[in-house]
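Next come the chains, spelled out residue by residue.
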Amino acid sequence: MAKPQGPHPGLMLQNYGIVLDAGSSHTALYIYAWPAEKDNNTGRVEQTHSCKVKGKGISSYASQPWKAGESLTLCMQEAEQKVPNKRHHETPLYLGATAGMRLLNMENSSASDKVFQAVEKALQKFPFSYQGARILSGQEEGAFGWVTVNYLDDLCSCCVLTSMRFLSPSQGLETTGALDLGGASTQISFVSDNYDGSESPSNSVTFRLYGNDYNLYTHSFLCYGKDQVLRLALAQQTQSGPRTILDPCFHPGYTEIKNYSVLYDSPCVSGRKPQGAPENFTLRGNGSFGQCQEIVKSVFNFTSCKYSQCSFNGVFQPLLQGPFGAFSAYYFVMNFLNLTDTSIPLDTVKDKLARYCATPWDEVSYLAEYCFSGTYILTLLTEGYNFTFPSSCVYFQIKGSDAGWTLGYMLNLTNMIPAEAPDKPPLPHYVWAVLPICGKVKGQRMLLNTVLQITWIQGLFRRTKAFSQWRVHLWLKDILSI
Ligand SMILES: Nc1nc2c(ncn2[C@@H]2O[C@H](COP(=O)(O)OP(=O)(O)OP(=O)(O)O)[C@@H](O)[C@H]2O)c(=O)[nH]1
Ligand SMILES: [Ca+2]
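Remember, predicted model here, so these are calculated numbers, not experimental data. (Residues numbered from 1 in each chain as written. Chains lettered and ligands numbered in written order. Predicted model: local features only at pLDDT ≥ 70, side-chain atom pairs only at ≥ 80, totals over all residues.)

### Looking at the environment of Leu-93
And then number 1: With respect to the element layout, Leu-93 can be found in strand S4 (residues 92–97).
And then number 2: Here the alpha-carbon distance between Leu-93 and Ile-31, two residues 62 residues apart in the chain, equals 9.3 Å.
And then number 3: When residues no more than four places from it in sequence are discounted, the contact partners of Leu-93 are Ile-18, Leu-123, Phe-128, Ser-129, Tyr-130 and Gln-131. (Helix = DSSP H or I, 4+ residues; strand = E, 2+ residues; numbered from the N terminus. Contact = placed C-beta atoms within 7 Å.)

### Concerning the domain arrangement of the protein
And then number 1: Split by domain assignment, the protein resolves into domain 1 (9–135), domain 2 (175–402) and domain 3 (429–480).
And then number 2: With centres defined by C-alpha atoms, the gap from domain 1 to domain 2 works out at 28 Å.
And then number 3: Breaking the side of domain 1 that touches domain 2 down by element, the ones donating at least two residues are strand S3 (46–52) and helix H3 (99–107).
And then number 4: Counting residues per element, the side of domain 1 that touches domain 2 draws most heavily on H3, which supplies six residues.
And then number 5: Residues belonging to the side of domain 1 that touches domain 2 are distributed by class as follows: four nonpolar, seven polar and two charged. (Domains from an automatic or database assignment. Nonpolar A, V, L, I, M, F, W, Y, C, P; charged D, E, K, R; others polar.)

### Description of the sheet that holds strand S11 (residues 255–259)
And then number 1: Strand order in the open sheet formed by three strands is S10-S12-S11, and the pairing between neighbours is mixed. Among the strands making up the open sheet, the edge pair consists of strand S10 (244–247) and S11. Averaged over all pairs of adjacent strands, the angle between strand axes in this sheet comes to 25°, irrespective of strand direction.
And then number 2: Note that S11 and strand S12 (residues 280–285) share five bridges and pair antiparallel. Pairing of Asn-259 across the sheet is with Asn-280, part of S12. (Pairing = 2+ DSSP bridges. Axes fitted to C-alpha atoms, helices over the stretch in contact; angles between N-to-C directions.)

### Thoughts on the site of ligand 1
And then number 1: If you check the shell around ligand 1, you find 19 residues, and the closest are Gly-23, Ser-25, Thr-98, Gly-182 and Ser-328.
And then number 2: Counting residues per element, the ones that place at least two in the shell around ligand 1 are H3, helix H7 (226–237) and helix H10 (329–336).
And then number 3: Sort the elements by how many residues they give to the shell around ligand 1 and H10 lands first, with three residues.
And then number 4: Of the residues belonging to the shell around ligand 1, the class tally is five nonpolar, 12 polar and two charged.
And then number 5: Here the shell around ligand 1 gathers at least three residues from each of two domains, domain 1 (9–135) and domain 2 (175–402). (Near = placed C-beta within 6 Å.)

Encoded structure:
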């Protein structure tokens with residue numbers, strides 16, 4: 001008789017958590033799972049399922065709030081199927097809304113309240129442990145994105161090397177910065193040695209993780225997500241209320257009729273609607289990267305800075321430090337344009353983008369906005385934040401799991417990251433010596449972990465940052481099933 005396959009049933013017990021990311025452009029549901037039997041909640045949390053809600057983001061239902069609730073039903077039913085029945089009641093369910101709802105709340109707070117009421121009503125119908133729906137602040141969105149990036153250990157090879165390059169005896173392993181580009185806002189978050197939170201305290205978020213304090217710099221630029229920036233750029237070109245514009249950020253031969261009221265229907269541009277404009281204007285593309293970059297640059301303000309240094313719009317930013325993980329629209333756009341390899345010299349990237357922008361519309365796919373979006377991303381990174389390429393390591397992919405603020409949000413709310421380090425090292429010292437051998441079994445991915453192990457051992461003598469201990473600790477528990 002064949003032996004039963006798979007691990008012992010006792011090892012299969014899982015806890016689950018569900019987070020709904022109600023973004024400006026769409027809502028997505030994520031299910032996370034972690035082993036139930038691990039003590040101190042230190043078992044590895046994995047994303048087990050995701051579901052993209054059909055239609056637009058919940059803020060688009062301001063005039064029909066009940067539809068915002070209804071829109072979530074299919075994904076919620078899917079979640080009911082994916083989480084075992086026995087775990088439904090213990091599974092926390094969170095909804096976090098970002099820049100779309102921030103803008104709606106600024107514009108019409110009672111409409112935003114009604115959307116939340118409809119969403120709450122819809123979510124409470126499901127058997128999960130509903131924990132509330134709320135708007136995340138820009139700081140929270142940036143900070144939880146950073147936690148996620150540093151929790152996920154499947155970094156690309158570029159960053160394994162770069163992490164090593166950034167290792168210094170006094171610091172231990174650097175954390176990885178996070179770059180998130182949404183539809184309505186964009187976030188930058190990183191730890192910098194020259195930032196202690198005293199300059200521009202509103203950009204500071206502190207975390208206590210595994211016995212160490214992290215002083216994170218984070219900023220969220222509302223209206224600088226890729227959809228709202230397109231509005232800013234179009235507003236820039238329609239100040240005189242023209243009937244036609246020749247837009248260098250769209251392909252030659254591209255034509256679209258745009259409605260003035262629709263374009264200016266956002267707090268990001270509403271104050272600038274030209275008086276006496278006609279109902280519509282025609283946007284014609286002429287595909288010039290250089291001219292497009294001039295327009296994109298004009299939506300950034302570099303003139304005033306009351307701090308020691310700024311990124312743009314008078315916002316303080318300390319010196320960039322460490323590798324960065326760039327996700328959401330950074331990844332969608334740069335992956336589509338085949339520009340995720342940041343070791344390519346900047347001029348080559350610009351040449352490629354210029355060629356793409358100049359491609360006649362009838363030769364490219366139906367997706368019209370990549371020339372604009374690619375130009376915006378390049379300008380935001382190099383002129384806005386001051387990254388230099390190819391020397392800055394920005395990687396546009398985090399393998400294996402969707403990166404975003406949701407995982408960090410859930411880890412925080414379920415206390416899955418201990419604030420204090422364990423009293424003793426997670427394993428006796430001799431175990432470390434055999435780890436490189438275990439590492440080979442799992443192949444390339446182990447390279448990073450080997451680096452982390454070495455760092456951890458160094459840290460026993462040189463006060464290595466506990467964050468890397470935390471990662472290694474989780475990984476060890478994972479591979480050794482302890
Ligand atoms: N190419 C491509 N673009 C996408 C995809 N998903 C979203 N986008 C676009 O990328 C931009 C950012 O999307 P998200 O990161 O989902 O933004 P969001 O969370 O809705 O917006 P925020 O509330 O500002 O964070 C939007 O312009 C989306 O329309 C995708 O799978 N592929
Ligand atoms: Ca988002």
